[in-house]
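As a plain string of letters, each chain reads:
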Amino acid sequence: MKKLFSICFLSGLFLFNFSIWAQQATIEGIVTDENNNPLDLVSIALEGTSQGTSTNMNGFYRLRITPGTTHKLIFSYLGYQIEEFEIKADPGEEITLNVQLMPLAMLLPELEVRDRQVITSQYMRIDPRLSAIIPGPGSDVESLIKTMPGVTSTTELSTQYSVRGGNFDENLVYVNGIEIYRPFLVRSGQQEGLSFLNSDLVSSITFSSGGFDAKYGDKMASVLDITYKTPEEFAGSFSISLLEGSVHIEDARLDNRLRYLFGFRHKSNQYLLGTLDTQGDYKPEFTDIQGMISYEFNPQWELNFLGNFSRNQYLFTPEVQRTRFGTVTEVRQFTVFFDGQETDRFLTALGAFSLNYTPDPKYKFQFITSVFQTDETENFDIRGRYLLERVETDFGSSDFGQPTGTPLGVGSFHNHARNYLNAIVWNAEHKGEIRNDNNTFRWGVKYQFEDIFDRLNEWSMVDSAGYAIPRYPNNTILLQDTVNTRITLQSSRISGYIQNSWEINRPRSRYIITGGLRTNYWTYNNQWLFSPRATVLYKPEWAPRMVFRVSGGVYQQPAFYRELRDFQGQLNENIRAQESLQFVLGAEYNMQLWGRPFKYTSEIYYKKFNNLIPYELDNVRIRYYANNTATGYGAGIDMKINGEFVPGVESWASLSVMKTEEKIDGATFTLPDGSEVPLGYIPRPTDQRFNFSLFFQDFLPRNPSYKVSLALIYGSGLPLAPPSEQKTRNITTMPPYRRVDIGFSKELIGTDSRLGENSFFRNIKSMWITAEVFNLLEINNTISYLWIKDISNDMYAIPNYLTSRLINLKLITRF
């Protein structure tokens, strides 16, 4: 009887639910962008209810609604215009509603951008149009990256950045699937010049600060993946400022079978470097020519070429430096009179061919070969005679603010270098991809050959009150940082990966699981590496606006040339790959605030480091100890909120809290009683505990042709220690890095401009003029220190300050 009753009850409940479900209506469709590419994770909400859904990797969505009632569907996606539709359906009716979202029209300047979709939330998608808007000394992609969560930078003169406690050498950069390399000998931001990435040519930017897939290479910190434009018609741009100028053109010919894209840039930081404490004759000249050509033989075969030539030259004749530092009551002035000059030249070139075969939309095969060459020369002979004085701080004194005339220290220094490096990196690579409805399989194999010649001849001498030049019986003088060597290195690397992604749709949830394995072999140390990695994306039905992600794996970084070479210029043949075991847990929440789309993302992470190579960081120069004598860890949390704080324009704020430390084998600390104890964990050179960045845009409501943009960065101080004194790194820190840049823009020509047929400007799509104020608050940020002693044998760290406040004018034209 009980069984019969249960069967009848369940059958009735099923029929009741089925009848309700049968009475419901269904809406489904595909959401695409302006180029008919499917958009993933578009938020679809029913106004006034908690119901909603989002699109899958193919842009498809399905939503059940109550029939007989008028519903308002809201389609929102960050960076695109919100679309609203009123729908009324009959019971059981199935309605197809395909929606096309258009980019926000108020972004400055107007660019043609095509972005590929990323199916997981581990990659941040960044609008490349914003690189022309963000104020600062460089209008480049890296300026945007520096405002991302987990990313830190302590200088505006360099495009390099640190990610979650890693150094500059731990970041991967790709352009159209080709790995990009930087010059080796750069030791300061003044020398660096232009980065490889030309923002005028970029169509897509994706960035991961950790936990990335196996398809990306063997680095431990981050990956920046850039895709250049695919031209559809003739277009171009022209920009000029007090610091740099650029021009680019693009076109498609022969029924879009032949496409080309060219860019030219020239930059001089002479105007900017004039605000440094060290006065002299600065002559920096940085030039870059870049191009991409593609030819489609037929719908299945396409050949691409990417080429770049860069010439960065830095000439400097210093004259005098006056630096003040200290506290309110104890101010010191450091004055140096210079003699000599510096001449640096960095020539780099890249050529890459890519043959793409697509027999079917589900199958992609790619064959890539590329050659990178760098020819670098670093010559300087600079002598300095310095004077350290006390500054009068008594407000009642007639000499307030002036040096007292009593020297605290007098000395001199001499820096000398005749360095030359030539490196060639050649590789051949095959990549493949097979797509099914809910499955994507990728693979790749790569061979790389490296040929490096390095001639080092450098030394420095500091005479600081007899502190740095002890005299021996034969009256010889001890020089510091002496290196005199010649190095020739030839080696090969073989690497590969396999990776698969599964999309699993359940009645109440959606999963995307990606797993892969990388392998790498280097002939120099005969080490085989295997790096498994995995990511799980979970999107629950009970929280349709949320996405959860967990990722982890092994990230092993084989040494490149700089990690091999120690302070004496010797190579370590027994070097092993550095290893990072990573675990990342993240969440993403898409929401509506003030009727506008916003997105909040947060990630917590933990990294366990093995076989670390300790190093010292001075300005942007990394000097490795060339041995695997350290272990360590890094842990933190990154947060970001971005959206339309002002209707129609995107802004964001990022916050990061992080701690990274290392333990060096054999390092000890001397106690007051003379005994030595193990040093334990000390902060790594990139241990920046707190970082906050903000990018904000606004405009005049009644006249949107007037805009303002602001970039703010605050980063706590890095660990500070005298050269070669690793054990004192945990005693104190440098001052925090604080910088605010602001720009004011006016649209001169836009879509609403009325120009006559005979007007000279009739082919101009947009023209903006911008006035920028760099370092608005005129804060003296410190990049490095010069260490000296006074007559009392007290050590002083003389700060090397970065640039001061400066006004820049910029004109941007699109045609």
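## Here's the deal with unusual backbone geometry
Phi angles above zero are rare outside glycine, and Arg-164 is one such case at about 50°. Structurally, Arg-164 can be placed in the loop between strand E11 (162-163) and strand E12 (171-175). In the Ramachandran plot, Asn-176 falls in the positive-phi region, its phi being about 50° despite a non-glycine side chain. Its location among the elements puts Asn-176 in the loop between E12 and strand E13 (178-179). When its relative accessible area of 26% is taken as the criterion, Asn-176 is described as partly exposed.

## Looking at the packing of aromatic side chains
Two numbers describe a pair of aromatic rings. These are the distance of the centres and the angle of the planes. The full count for this structure, using the stated rule, is 41 aromatic pairs. Between the aromatic rings of Tyr-282 and Phe-316, the centroid separation amounts to 4.2 Å while the plane-to-plane angle is 15°, which identifies the pairing as stacked. Of the two residues, Tyr-282 sits in strand E19 (residues 278-296) while Phe-316 sits in strand E20 (residues 301-326), which places them 34 residues apart along the sequence. Take Phe-316: its relative accessible area is 9%, and that puts it in the buried class. Here Phe-325 and Tyr-796 contribute two aromatic rings whose centre-to-centre distance is 6.4 Å and whose plane-to-plane angle is 75°, an arrangement assigned as edge-to-face. Residue Phe-325 is located in strand E20, and its partner Tyr-796 is located in strand E45 (residues 795-801); the two are separated by 471 residues in the primary sequence. By the burial criterion, Phe-325 is buried, and Tyr-796 matches it. Each residue in the set Tyr-123, Tyr-174, Phe-212, Tyr-216 and Tyr-555 is aromatic and connected to the rest through ring pairs, giving one cluster. One residue, Arg-684, lies across the ring of Phe-609, its end atom 5.1 Å from the ring centre.

The rules behind these values
Residues numbered from 1 in each chain as written. Predicted model: local features only at pLDDT ≥ 70, side-chain atom pairs only at ≥ 80, totals over all residues. Heavy atoms only, no water. Helix = DSSP H or I, 4+ residues; strand = E, 2+ residues; numbered from the N terminus. Buried < 20%, exposed > 50% of the residue type's maximum accessible area, 1.4 Å probe, protein only. Phe/Tyr/Trp six-rings, centres within 6.5 Å; stacked < 30°, edge-to-face > 60°. Lys NZ or Arg CZ within 6 Å of the ring centre and 35° of its normal.

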